Amino acid sequence: MAEYSSNPARVFFSSAVLAKRALFSWLRPEMWIMMLFFSSLFQIAFFVYVATYVNNPSISVAYVAVGNAMQSIALASVFAVCNITGEEKQQGTLEPILVSPGNRFSIFVGRAMFQVLNGLATVTIALFYAAVLFNVDFSRTDFLSLGAVAVVTAFAMTAFGLMLSSLGLYLRTSMVIANIFLFIGLLLCGVNFPVSYLPSYLQPISYAIPMTYATEAAREAVSGSSVLSIGGLLLAELVVGIAAILVGYAMFLWFERMSKKRGTMDRY
Amino acid sequence: MSRLRAVATAFRQQALIFWADPQWLIPNIIAPFVITLVALMLFKNVDGPVVLYAVLGGGMMGMWGNTLYSSGWSIQSDRWWGTLESNLVTPTPLIWIIAGRAIWNAWIGILNGVLILVFAEVVFQAPISLNDPVLFFLAFFLTLLSLSALGLLFSSAFVLTRAASVLTNGLEFPIYIGTGTMFPIALLPFWMNPLSLSLGPTWGIDAIRYSALGTTQFTFVEGYWGDLAIMILLSFVYLAVAVVLFGWLDRKVRRDASMGRF
Amino acid sequence: MAGREAVIEVNDLVRVYKTSSGFVRKKRKETVAVDHISFSVEQGELFGLLGPNGAGKTTTIKMLTTLLLPTSGSIKVLGYDIVKDSIEVRKRIGLILGGEKGLYYRITARQNLKYFADLYGVPLSTRDKRIREVLDLVGLQDRADERVEDFSRGMKQRLHIAKGIVHDPELIFMDEPSIGLDPQAARDTRRMIKDFISAGKTIMLTTHYMYEADELCDRIGVITKGKIVALDTPEVLKRLVRDTSVIEVEVFGLTEKLIEDTRRLPGVQAVSATMAEDKQVMRVQVTDPAEMLGKVVAILQDRKVIGVKVKEPTLEDAYLWLVEGDVET
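Notes on the structure follow. Predicted model, so just to flag it, every value in this text is computed and none were measured. (Residues numbered from 1 in each chain as written. Chains lettered and ligands numbered in written order. Predicted model: local features only at pLDDT ≥ 70, side-chain atom pairs only at ≥ 80, totals over all residues.)

**Considerations on the overall build of chain B**
Regarding its fold elements, chain B presents 10 helices and 0 strands. Taken from N to C terminus, the helices and strands of chain B fall in the order α-α-α-α-α-α-α-α-α-α. Split into buried and exposed, the 262 residues of chain B put 55% on the buried side. Within chain B, residue pairs in contact and separated by at least 24 positions form 81% of the contacts whose partners lie at least 6 positions apart. (Helix = DSSP H or I, 4+ residues; strand = E, 2+ residues; numbered from the N terminus. Buried ≥ 20, exposed ≤ 12 C-beta atoms within 10 Å, placed from the backbone. Contact = placed C-beta atoms within 7 Å.)

**A few points about the packing of helix 6 (residues 133-158) of chain B against helix 10 (residues 223-256) of chain B**
Residues and elements named next belong to chain B. Running from amino to carboxyl end, helix 6 crosses helix 10 at an angle of 20°, the nearest separation of the two axes being 8 Å. Considering their axes alone, helix 6 and helix 10 lie roughly parallel with respect to each other. The way helix 6 lies across helix 10 gives a crossing that is left-handed. Class assignment of the residues belonging to the contact of helix 6 with helix 10 gives a composition of 21 nonpolar, 3 polar and no charged. (Axes fitted to C-alpha atoms, helices over the stretch in contact; angles between N-to-C directions. Parallel < 35°, antiparallel > 145°, perpendicular 65-115°, else oblique. Left-handed = near helix turned anticlockwise from the far one by under 90°. Nonpolar A, V, L, I, M, F, W, Y, C, P; charged D, E, K, R; others polar.)

**Let's talk about the interface of chain B and chain A**
Contacts between chain B and chain A engage 28 residues on the former and 31 residues on the latter. Those elements that place two or more of their residues in the side of chain B that touches chain A are helix 2 (26-42) and helix 7 (164-178) of chain B. Of the residues forming the side of chain B that touches chain A, the biggest block, 11 residues, is contributed by helix 2 of chain B. When grouped by side-chain class, the residues that make up the side of chain B that touches chain A number 24 nonpolar, 3 polar and 1 charged.

**With respect to the pairing of strand 10 (residues 227-232) of chain C**
Residues and elements named next belong to chain C. Where strand 9 (residues 219-224) meets strand 10, 5 bridges bridge the pair, whose relative direction is antiparallel. Paired with I223 across the strands is I228, a residue of strand 10. Two successive antiparallel strands, strand 9 and strand 10, enclose a turn made up of 2 residues, where K225 displays a positive phi of approximately 50°. (Pairing = 2+ DSSP bridges.)

**A few points about unusual backbone geometry**
The backbone of N135 of chain A shows a phi angle near 55°, a positive value even though the residue is not glycine. Counting through the fold element by element, N135 of chain A comes out in the loop between helix 5 (104-132) and helix 6 (143-170). With 12 C-beta atoms counted inside 10 Å, the residue N135 of chain A sits in the exposed group. For D168 of chain C, which is not glycine, the phi torsion reads 55° and is therefore positive.

**Quick look at the environment of Y211 of chain C**
Residues and elements named next belong to chain C. Counting through the fold element by element, Y211 comes out in helix 7 (residues 210-216). Y211 gets classed as exposed once you count the C-beta atoms within 10 Å, which come to 12. For the pair formed by Y211 and T314, sequence separation is 103 residues and the distance between their alpha carbons is 9.8 Å.

**Description of the sheet that holds strand 14 (residues 304-311) of chain C**
Residues and elements named next belong to chain C. Read across the open sheet, the 4 strands follow the order 12-13-11-14; overall the sheet is antiparallel. Of all the strands in the sheet, just strand 12 (268-275) and strand 14 have a single pairing partner and so form its edges. Each strand of the sheet is rotated relative to its neighbour by a mean of 15°, with strand direction disregarded.

This is the structure:
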């Protein structure tokens, strides 16, 4: 067994590298690049066409395009983080991680660091598509604002993914969870239509998900709002994201204890 | 005779494995169901039988998703479990084994689609009134066969790559778009039409819509029977290509030893 | 021996693996896994391919069972060419791979056997009876309707065997049959192998346990780094080390240089060594132990010698020397 380090920073970075390698071990880099460039494209296209067909004046193509562009972060971050836990189980590396004395929090977060960058790259590409392929008008955009939204959202949604991946420690698969969550996000986060369209009992759930703030903030930024004016939204999103990390870490610890008790770690 | 037996055996095996872990179906129900709900939200102010239109689209997406997902994962699972070699060492050519699985997967896809229809109807409390139930079920059934053939084709493409799962997830939306599940393919750029029309289920969903909605408002000029004929023809093309691909792949796999590692 | 037909004929077999690694700068590497080997196996024989890990045993078995194409050379199994008539070959052979994989864990043993019996074309009228027979043979009749994931390692191995013979093949291939098994299970496996031979089957197995090869096999092919360095009955292989003795020295602080120095001593035929953390054992093959004992100990004078023994060589010694390339046959 390689020497372990009680230095959290070192564990953090080596977890990130492990995450990157894990992503690549079953996924050739060419494939990852393909995913990076194409996953958002088709999702945006789908909803743009539906919106075009529907021709609802309060839901423009731009509305849908920007919403889905932001949502692509969820795809990259959440999905990949959850997959890593599922994969680690499959490849049998999960046990060594749980058993190692490295700082667990660092491992937990280190894995996700790479995904944050992945999410940022994905959303940048998605917004580029929105501008170039779907004719969204970026002429009045405050790019600083938009950048801020992207960064905050990448962190917040990755935090959400970490929380979900804790479930993966306990269940057979976190992929089912990730799938459910991704698609619920499409419905609840103001991606394709305003949250106000939803029945009132669902709306509170929307506001517990960082993406809801992100879509609104992104649209504001695209139409020219400055960082200050969307500051409230960004702050709310950050708070939700941090809450997710804490909840996720608590679940991580709890599930780890439960897994040890029940010996479910190597079932998959 | 033994070929048919192999198909039946693989069908049975796939069913047993499915029932051991039926939760794998959940993603395939959730995704189209949620997309249908989103579409229905978007369709709120539109006239016409939009609820049924959207719900049928959702059902179709369910069937598609399941085909893709199962073709992508079933052989990958064999790789993970190490059972691919056990299958390859038998005298039954792999294509018959995969064919049996593809039929089961398409069958589950139909069930998947029906479940979505039922859920959506329950949620929106709109009764299903099919214009012509007999034609509807015929179209559904033939679409199942077309999906099986397509699943067989996809399996042969996925069996060698490490990235089967990326392709599986990655093709989901392009197919929803290309086959016009939730909007007419007329909206798509003209160069996409050959792609759309080369997919059997595009014609299938057209026939399904016609028999359910009873209007030609949403359908192709070929009409119901034209649609089915073209879909059947395309299915034979898929089978022919699959046969060629499987033969080529069998040789390649044995040459490159790429089946044991993912 | 004469008059029995060859069921396996391997001629100048070569298998080269090409791998590429790295993303930006692709490194291509060619590994010769099997390097011009030839041998044949007769009907009713129990033939063993003995060698260390990575020697090319599994690659050879995979080629013989049609799972891999040779890079060059020819293989005939039961008269059929494995490239041109692979389906005919597959109908008549059984393959039992060691290890955990190869079974569907989420379904029962019986369901697994039914599946493979069907793929092998076992007649429907006799299939279920045959499955019961095979389950009895391997001792799994009471657990047949439990999921394989609940089986122990030994039980999984037994099910592997059952799966490999469900279609009653005349030729059976086994890759590392006792690997990972506890002694009882390994003993049961060896007993089953002997029973198959008594029933007239031909078996080819691979192993890296020399005592297993010695106990079971009619003939052994010793393979290392893709080449067969010896091919004969266990008796003849042991004779390689007849008329010799082994000076076995347990020492602390053994180095490669000391081993080399010992090798170069006149009168020394071969040297092999086992290096563990706490102690090392050097085995020196000599014709005249009385003369050589002093010289060997002298070489180790700066080291802590824990014990010295003079013994008769075993098959293990012959194997180690063959594999480490120190013996000329």
